Amino acid sequence: MLDSLAAFLAVFSVAVRRLWSGRGLALAAAFGLTVIVAFTLGVPLYTDAVYHQVLTTEIGRSAGWRKPAFAFLFRFVARGNVDPGADMWMHLEPADRYMTDEVPGVLGLPRRLYVRYFSTDSFPVFPTTGGDSSRTATYDAGQQALTYLSLGHLSDLPEHVTLDGRWPQEMAGPGDPVEVLVSQSAANELGLQVGERYVVYANKVAGFRGQMLAVITGIWAPNDRNEAYWFTDPYVFDSVLLTTERNFAAFVTPTLVGDTAVAQWYMHFDDAPVRSDTVTPLLERMARVQTHTATLLPGTRLEASPERSLNQYQQKSRQLTVQLLAFSTPLLLLLFAFLTLVAGLMVDNRRNEMAVLRSRGASAWQVVGVAAVEALLLAGLAAATGLLLGINVARLMGLTRSFLAFDNPTGIPVEVTPAALRIGAIAVLLAVLVIVLPVFGAARHTIITYKQQRARSLAAPWWQRAWLDVLLLIPAAYGTYLLRGQGTVALPAALATVSEDAFGNPLLFLVPAFAMIAVALLLLRLMPILLRGLAWLLSPMPGVSLVLATRQLARTPGFYATPLLLLVLTLALATFTASLAATLDQNMLDRVRYRVGSDLTIVEMEGTSPSAGFEQLAESSRGGQAAQPALAPNTSGSMSNYAALDGVADVTHVGSYRATVRFSGRNVTGQLIGVERVGFSRVTFWRRDFADQSLGALMNTLAGSSDSLLLPESVMQEQALRIGDRVQVIVTLEDGHASIPFRVAGTFRLWPGWYPDPEDDRAGSLFVGNLDYIWDMAGFQLPYRVWMKLEPGTHPVQVLAGVERLGVTLERADHTEELIESEQARPERQGLFGVLSVGFAAAALLTVLGFFLHIIFSLRRRYIELGVLAAIGLGKQQIATLLGWEMLVLLGTGGAAGTLLGVTASRLYIPFLQVGATVEARTVPFRIILPWPALYTIYALFAAMFVLALAALVMFAFRMRVFEAVKLGETG
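Residues numbered from 1 in each chain as written. Predicted model: local features only at pLDDT ≥ 70, side-chain atom pairs only at ≥ 80, totals over all residues. Heavy atoms only, no water.

1. Things to note about the overall build of the chain
How we decide: Helix numbering and strand numbering both begin at the N terminus, where a helix is a DSSP run of H or I of at least 4 residues and a strand a DSSP run of E of at least 2. Per-residue accessibility, obtained with a 1.4 Å probe over protein chains only, is compared with the maximum for each type, and a residue is labelled buried under 20%, exposed over 50%, and partly exposed between these values. Whether two residues are in contact is decided by their heavy atoms, any of which lying within 4.5 Å being enough.
The helix and strand inventory of the chain stands at 31 helices and 20 strands. Taking all 972 residues of the chain together, 52% fall into the buried category. Across the chain, contacts joining residues at least 24 apart in sequence account for 81% of those joining residues at least 6 apart.

2. So, the environment of Ala186
If you trace the backbone, Ala186 turns up in helix α5 (residues 184-190). It is 7.1 Å that separates the C-alpha atoms of Ala186 and Ser239, two residues lying 53 residues apart in sequence. Once residues lying within four places of it in the same chain are set aside, the contact partners of Ala186 are Gly191, Leu192 and Asp238.

3. Quick notes on the packing of aromatic side chains
Rules: Two aromatic rings, drawn from Phe, Tyr or Trp (for Trp, its six-membered ring), form a pair once their centres lie within 6.5 Å of each other, and the interplanar angle then sorts them: stacked below 30 degrees, edge-to-face above 60, tilted otherwise. Two conditions define a charge located above a ring, namely a distance within 6 Å from the ring centre to NZ of Lys or CZ of Arg, and an angle within 35 degrees of the ring normal.
Here the structure, examined in full by the defined rule, presents 20 aromatic pairs. Summarising the aromatic geometry, the rings of Phe231 and Phe237 are spaced 6.2 Å apart at their centres and angled 80° between planes, so their arrangement reads as edge-to-face. Take Phe231: its relative accessible area is 4%, and that puts it in the buried class. Phe237 gets classed as buried once you look at its relative accessible area, which sits at 1%. The structure contains a cluster of three or more aromatic residues connected by ring pairs, namely Tyr594, Phe680, Phe685, Trp686, Phe690, Phe748, Trp751, Trp754, Tyr755 and Trp787. The lysine or arginine in question, Arg111, covers the ring of Tyr114, its NZ or CZ lying 3.9 Å from the ring centre.

4. A short note on the pairing of strand β13 (residues 648-662)
As a reminder of what qualifies: At least two bridges found by DSSP between two strands is the condition for calling them paired.
Most of β13 is tucked away, with eleven of its 15 residues classed as buried. Two elements, β13 and strand β19 (residues 785-790), share six bridges in a ladder whose sense is antiparallel. When the sheet's bridge partners are listed, Thr652 is paired in β19 with Trp787. Bridge count between β13 and strand β14 (residues 667-675): nine bridges; the pairing is antiparallel. When the sheet's bridge partners are listed, Val654 is paired in β14 with Val675. Summarising the sheet, β13 and strand β16 (residues 726-733) pair through four bridges and their orientation is antiparallel. From the neighbouring strand, Val661 faces β16, where its bridge partner is Val729.

5. Some thoughts on the pattern of salt bridges
Where charged atoms of side chains with opposite charge meet at close range, the side chains can pair. To keep it simple, the criterion reads: One side-chain nitrogen of Lys or Arg within 4 Å of one carboxyl oxygen of Asp or Glu is enough to make a salt bridge.
Evaluation of the coordinates by the stated rule reveals 18 salt bridges. For Asp590, the salt bridge identified is with Arg927, shortest N-O distance 3.1 Å. Of this pair, Asp590 sits in helix α17 (residues 557-596) while Arg927 sits in the loop between α29 (919-923) and α30 (932-959); the two residues are 337 residues apart in sequence, bridging distant segments of the chain. By relative accessible area, which is 1% here, Asp590 ends up buried.

6. Let's talk about the environment of Val50
You can see Val50 is positioned in helix α2 (residues 23-63). Take Val50: its relative accessible area is 4%, and that puts it in the buried class. The sequence separation of Val50 and Glu828 amounts to 778 residues, and the corresponding C-alpha distance is 9.7 Å. Not counting chain neighbours up to four residues away, the residues in contact with Val50 comprise Ile412, Pro827 and Gln830.

7. Quick word on a nonpolar patch on the surface
Heads up, the condition is: Think of a patch as exposed residues, more than 30% relative accessible area, with no salt bridge, where like charges cluster within 9 Å and nonpolar side chains (Val, Leu, Ile, Met, Phe, Trp, Tyr) cluster within 5 Å. For accessible areas, the Shrake-Rupley method is used with a probe of radius 1.4 Å. Any residue's cover is judged against the shown protein chains and nothing else.
A contiguous nonpolar surface patch, about 640 Å² in accessible area, is contributed by Trp365, Ile426, Leu430, Leu433, Leu437 and Phe440. In terms of residue count, the dominant contributor to the nonpolar patch is helix α11 (residues 418-442) (five residues). With respect to the helices and strands, the residue Trp365 is situated in helix α10 (residues 364-398).

8. Digging into the confidence of the model for the chain
We apply this condition: A residue's pLDDT is the confidence the predictor assigns to it, expressed on a 0 to 100 scale.
Of the residues in the chain, 79% have a pLDDT of 70 or more, and the chain-wide mean is 77. Segment residues 612-634: pLDDT under 50, and 13 contacts once partners within four positions in sequence are set aside and those in other chains are kept.

9. Some remarks on the side chain of Ser155
One can find Ser155 in the loop between β4 (147-154) and β5 (161-165). On the accessibility criterion, Ser155 (7% relative accessible area) is buried.

10. A look at helix α3 (residues 88-101)
Inclusion rule: Multiplying one less than the number of residues by 1.5 Å gives the expected span of a helix. Throughout, the bend at a residue refers to the angle made by two axes, fitted to the seven residues ending there and to the seven starting there.
Between the first and last C-alpha of α3 there are 20 Å, a value that for 14 residues agrees with the 20 Å anticipated at 1.5 Å per step. Where α3 bends most, at Pro94, the angle is about 30°. Among the residues of α3, those classed as buried are Met88, Trp89, Leu92, Ala95, Asp96, Tyr98 and Met99. Residues of α3 that are buried sit in contact with β1 (71-77), α4 (103-107), β2 (111-119), α6 (245-255), β10 (262-269) and α7 (279-296).

11. Description of helix α8 (residues 307-327)
Residues separated by three or four positions in an α-helix point in the same direction, a consequence of the helix having 3.6 residues per turn. In a regular helix each residue adds 1.5 Å, so 21 residues correspond to 30 Å; α8 covers 30 Å between its end C-alpha atoms and thus fits that length. Those residues of α8 that fall on the buried side of the exposure criterion are Ser309, Leu310, Tyr313, Gln314, Ser317, Gln319, Leu320, Thr321, Gln323, Leu324, Ala326 and Phe327.

12. Focus on the packing of α17 against helix α25 (residues 816-824)
Put simply, the rule reads: Here, axes are lines fitted to C-alpha atoms. For helices the fit covers the stretch in contact, and angles between N-to-C directions go from 0 to 180 degrees. By definition, any crossing whose near helix is turned counterclockwise from its far helix by less than a right angle is left-handed, and any crossing with a clockwise turn is right-handed. For this scheme, ten residues count as nonpolar: Ala, Val, Leu, Ile, Met, Phe, Trp, Tyr, Cys and Pro. Four count as charged, namely Asp, Glu, Lys and Arg, and the remainder, Gly too, count as polar.
One can describe the packing of α17 onto α25 by two numbers: an axis separation of 10 Å at closest approach and a directional angle of 145°. The handedness of the crossing between α17 and α25 is right-handed. Contacts between α17 and α25 involve Met588, Leu589, Arg591, Val592, Arg593, Arg595 and Val596 from the first element and Thr816, Leu819, Ile820, Glu823 and Gln824 from the second. Of the residues in the contact of α17 with α25, the class split is six nonpolar, two polar and four charged.

13. So, the pairing of strand β12 (residues 600-604)
Burial runs high along β12: five of the five residues are buried. Two strands pair when backbone bridges link them, and β12 and β19 are joined in this way by three bridges, in the antiparallel orientation. Residue pairing for β19: Thr601 is matched across the bridge by Trp787. Direction of pairing for β12 relative to strand β20 (residues 810-815): antiparallel, over a ladder of five bridges. Bridge pairing in β20 links Val603 to Arg812.

14. A look at the packing of helix α15 (residues 507-538) against α17
Put simply, α15 and α17 touch, their axes get as near as 10 Å, and they point 145° apart. For the crossing formed where α15 meets α17, the hand is right-handed. The residues of α17 that touch α15, namely those facing Phe509, Pro512, Ala513, Met516, Ile517, Ala520, Leu521, Leu523, Leu524, Met527, Pro528 and Leu531, are Pro557, Tyr560, Ala561, Leu564, Leu565, Val568, Leu569, Ala572, Leu573, Phe576, Thr577 and Leu580. Its residues assigned to classes, the contact of α15 with α17 shows 23 nonpolar, one polar and no charged.

15. Some thoughts on unusual backbone geometry
Of note in the backbone geometry, Asp156 takes a positive phi value of approximately 55° without being a glycine. Assessed through its relative accessible area of 38%, Asp156 is described here as partly exposed.

16. Comments concerning the environment of Asp48
For Asp48, the position within the fold is in helix α2. Residue classification places Asp48 among the buried positions, given a relative accessible area of 1%. Distance in space between the C-alpha atoms of Asp48 and Ile412 is 9.9 Å, their sequence separation being 364 residues.

17. Comments concerning the nonpolar core
Under the convention used in this document: Nonpolar core, defined: a set of buried Ala, Val, Leu, Ile, Met, Phe, Trp, Tyr and Cys residues in which side-chain atoms within 4.5 Å join the residues together.
Membership of the largest hydrophobic core comes to 184 residues, with the highest contact counts inside it found for Leu92, Trp265, Leu310 and Leu324. In terms of residue count, α2 provides more of this core than any other element does, 18 residues in total. One finds Leu645, Val715, Ala778 and Val799 within the second-largest nonpolar core, a separate group that totals 40 residues.

18. Quick word on the side chain of Ser765
Relative to the helices and strands, Ser765 resides in strand β18 (residues 765-770). Among residues more than four places away in sequence, those in contact with Ser765 are Val668, Thr669, Gly670, Gln671, Pro712, Val715 and Trp754.

Next up, the structure:
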């Protein structure tokens, strides 16, 4: 035992000293490990936090009226569950004791609110005719009962009501009057007063008769009808005479026996401890409570609980975690590629040391063991810092509004969960494996075999020998084939329920990502050939530096394969993800604006137009005589009132009416849209691809003739129509139809608010004409909507408040701002953009750092080679040119290839990401956007790195001592 401990301490000591001696690379490896841990932890922490936030609102909505999240309501009704004539409290007491004392401990949640309610059956109530006690009080059995009421108890009532009178006192014994409270509503309706006495007569159970004298001591009213205490509307208690718990249990239930007595236990628990990994145990404990309660009190039902929402929360959280991790797979591969680069540099620096250890008797497993201890030490450091960073990554994802835009005003509460820690542990183990794997190859060699290996030419990288680049092309090509043939790639059923758009199908992102990875690997296979061709082109030029550098790169592809792959994939994925995010963002904005039509659209309640006051004033000035009806009502008063509101830039009226157009072949049904051609072009949302002509040109077409009509291109083609043809449009009105003649004047493909669906005949077509002409031909003003364009920075709520001040009652209001905010807050959308933004930034930073490390350590590795070149006559300026040219070739090739690959993938694959279950999601086509400003940031980083590295190379070349390099070569 002591020997094993001593051996471990020795290995531990060696590992620490080796890390300290190579602390530069050790810090780089620890940094890479930290980023990987933080990135992989951030995804499950975000999904758990965001769905926990959604959970608190969804549970309350599904639980019912006024119930907060994590509200439990147990209900027992005595009918059929208690023998007639039995004392109800004797049956309730065990369950009541269990609910009060044990349920919070069984559920393992702190209880915030606990309300108990018990009531008897409803019995006839009679006013007394004499006597002050229940024994002497009488009533007229022949008269009709005043009402039917129950007697009951509601816990903690004094804290939530206002009382007129006094609280009931405890009864001294059986036969005494029971003091009760009555609600203000019941008192008003029945004329009850404080101090009045009534007889409650129990006559519902065969063979049993009982009565009690009830004395009203107070009238109560709720302080706040909307507070969480009222698990049901307070009006429910209008039919209950409330007394103390002791009165109810000891005297009321034995005396007033019925068959429909009710007991309810309402609890509200703190949901803070509930997370995705604790849902399953909580559901099991909830089932245990239900089972035990039903055993104690048969017939008890759990009428409200978070069970359904908890199941949905757990399922959605797990699915979104898997989906976001799948989306982040290419970015994770980049992070692991950086770690592979650093691990390779660490092994290269120690190959000679490892060979010496093997030659002196150390086994390969001992060498690997020391490296494993080093990796575990780095992993321990990275796990601690990565956990803290991962929490901030999750919070940053919660602030994501769009790609690289973190200005969401609402954050999310992030808590570390065991599920997230398990995912982080898996990432740490994979990272440790990546660090240790290169050691296995180096640990095989003794000093002799190591020198022999160095003397031989370098072999191609393992992935080229395994033809991994060609193998990856197969799934990439198959996925591309499916996209081009079917428009999508099917997702496994277990992952296909979170979202029905591009955010819910990671395969739509993985196909182009793996295609870019395969092409990048194939480029590295072709790189030596391209470099040899470049060397041939440079050979006629004077000087040898450029040719030597190019041939050196062509001969040693393994030296630069990993950093070049990092560079190509970083720029390719950055270009693709930035383009994807910008395209999705813009399409979301376009879809919302297309749906609403303008910044704000409102529908006035009939008879509340802001111009109505002016019309009444005009009529009164005519002495009350009715004016002649105008065929085209003037709405300028309404428009001027709306246009005068603060924040309104412009306003127009738009009418939408059911219509049918008669063609020779068949009738085409749809909507007739009436527009005011001048105002419409200034207010509405429009894109150039909606029609061959601009919106202004289409409005000018309508201005050419009042009966001009615009038709969809599809209708024009199906009906073989031409410009100038006459059509008859039948408009459906509330009290009949109006036939309006039109002349075809123009065409369009899409129109704001119209969703053509070729697979649904009921979707109908669309016809656009002049609103004034439609009203003239109809003979009166038809209903319309008001479309408004708002000034920049104006929130629609401000405008709606101004509309309300005009005295207008709105039937409906739609505004783009609210819909955009709702869409941006979707967990899957926010999570995807958060993953892409954080992963993009991390990959770019690590790629720059990895390339810089490659340059620095390649100089150290080639110190002898450069010394020999200097010894045979190559000048320091030529050496600096050689090194600078190598770096420029790699950076230029990687930058150009990565950008070209990303742009090509964006144009090829992004159109296939426009998927969805609804026609609304597919109507407005994608516009591929290449956000060059975001990419220029990466280019600036690499440019700065190039300048720094070039300065370091020049300093290295001019400070290099030839005799040291040659001497080192003799002893190396």
